[in-house]
Amino acid sequence: MTITRLAAAAAGLAVLTACSSDGSAAPPTVAPIPSVTGAVTPAPSVPAGTPDLAAPETVATGIDVPWGLAFRPDGSALVAERNTGRILEIVAGGEPREVYRVRGVESGGEGGLLGLAVRDDWVYAYFTAAQDNRIVRFKLSGGDPEVIFDGITRGGRHNGGRIAFGPDGMLYVGTGDASEESRSQDRDDPSGKILRLTPEGRPAPGNPWAGSPVWSLGHRNVQGIAWDAQGRMYGIEFGQDRWDEVNVIEAGKNYGWPEVEGRTDDDRYVNPIVQWGTDDASPSGAAVAGDTLYVAALKGERLWTVPLGGGSTKAEFTGRYGRLRTVAVAPDGSLWLTTSNTDGRGDARDGDDRILRFPAK
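Residues numbered from 1 in each chain as written. Predicted model: local features only at pLDDT ≥ 70, side-chain atom pairs only at ≥ 80, totals over all residues. Heavy atoms only, no water.

Going by an unreviewed UniProt entry, the protein chain carries the name PQQ-dependent sugar dehydrogenase and comes from Actinoplanes subglobosus.

Okay, empty space enclosed by the protein next. This structure, assessed with the given rule, holds two cavities of 30 Å³ or more. Approximately 70 Å³ is the volume found for the largest cavity. In this structure, the largest cavity is lined by 13 residues; those nearest its centre are Arg220, Glu237, Glu245, Trp257 and Val260. With three residues, strand β18 (residues 243-249) is the single largest residue contributor to the lining of the largest cavity. Of the residues contributing to the lining of the largest cavity, the split by class is five nonpolar, four polar and four charged. (1 Å grid on protein atoms, 1.4 Å probe; cavity = no way out; pocket = protein on both sides within 12 Å on 5 of 7 lines; lining within 4 Å. Points joined across faces, edges and corners; volume = space filled by probe spheres on them. Helix = DSSP H or I, 4+ residues; strand = E, 2+ residues; numbered from the N terminus. Nonpolar A, V, L, I, M, F, W, Y, C, P; charged D, E, K, R; others polar.)

Structurally, Thr278 can be placed in the loop between β20 (274-277) and β21 (283-289). What Thr278 contacts, discounting residues up to four positions off in sequence, is Gly239, Gln240, Asp241, Arg242, Trp243, Asp244 and Lys299. (Contact = heavy atoms within 4.5 Å.)

One open sheet accounts for four strands, arranged β12-β13-β14-β15; its pairing is antiparallel. Strands at the two margins of the open sheet, each flanked by one partner only, are β12 (163-165) and β15 (214-217). The average angle at which neighbouring strand axes cross in this sheet is 20°, direction not considered. Sheet analysis places β12 next to strand β13 (residues 171-174), joined by three bridges and oriented antiparallel. Following the sheet pairing, Ala164 is matched in β13 by Tyr172. (Pairing = 2+ DSSP bridges. Axes fitted to C-alpha atoms, helices over the stretch in contact; angles between N-to-C directions.)

Here, UniProt's "domain: Glucose/Sorbosone dehydrogenase" (unreviewed entry) annotation points to residues 64-345. With 0% helix and 44% strand, the stretch residues 64-345 has end C-alpha atoms that lie 13 Å from each other. (UniProt positions renumbered as here; feature names shortened; annotations may be inferred.)

Laid out in structure tokens, this is it:
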């Protein structure tokens, strides 16, 4: 049985709980994030500028359930359409252009073409296939896709799907429990985990358990991964009934699902640095610019900003653009944000789904 973690602000805790949807309490506050063991090195190149959230620019409209978003070395963006399996290239000022269609995508529920990552001239894609969730890589110049990792349990919900290359050059993968909760605590099952792989899809050297792809366990549905300038990794977690989470991810640590949701006094599990009520968040993508973590919220229809140097979190754009799925920082320091109003759970507006860009100050 799931034990709801205590939310009281006791001495030494790093975070307060979020305000309720009626605004009856203050937003959560996060303490300065300490150095952690197992931070990957070298430190990533995190843009130092601050995105200007008061200067939105629409760079694309009419996208069919955008999910993954990754940038190529030339600054152009690749966007995955969850239901169609298409990958679109987006250049600021130009029309979206299909550059690839991933074969074998089986969309339905929360499954389909999900996360994207780019390394050199390889594009990596996480998607739901007929029997499982898997990761392929391919080149836009041609050739057949190569399956580099498969066997991640698929489900109508909780397919995870976020992938990103860390500052150590390894591929990190957020997976979900596929609504089968016991998988999250089974170290031999890739579901409900964060995985760390080589670019070829093998368990990365230095993982907590030799020969295992598992980096951390006890996750419900990881859909956001980001690193700060000190190499600290953040994982964004969908809660069930009460608490969504932002966690600092450390090698070999257990984040509690399904035994706990939100904070706990059980030292077997790592506490989140921030927790929000599910009505205020249902968070998905995440990105770091400067000393701020940006988290896109679906049900909450807002962009949360989390000050990594300590202070109050803040909700931006509440209700303005509808459901927000993915947030990413471009090579030029601008912040890109995708809506998710055509996914069957939102109210589509004229031009949805759209991609917004906020320039760096």
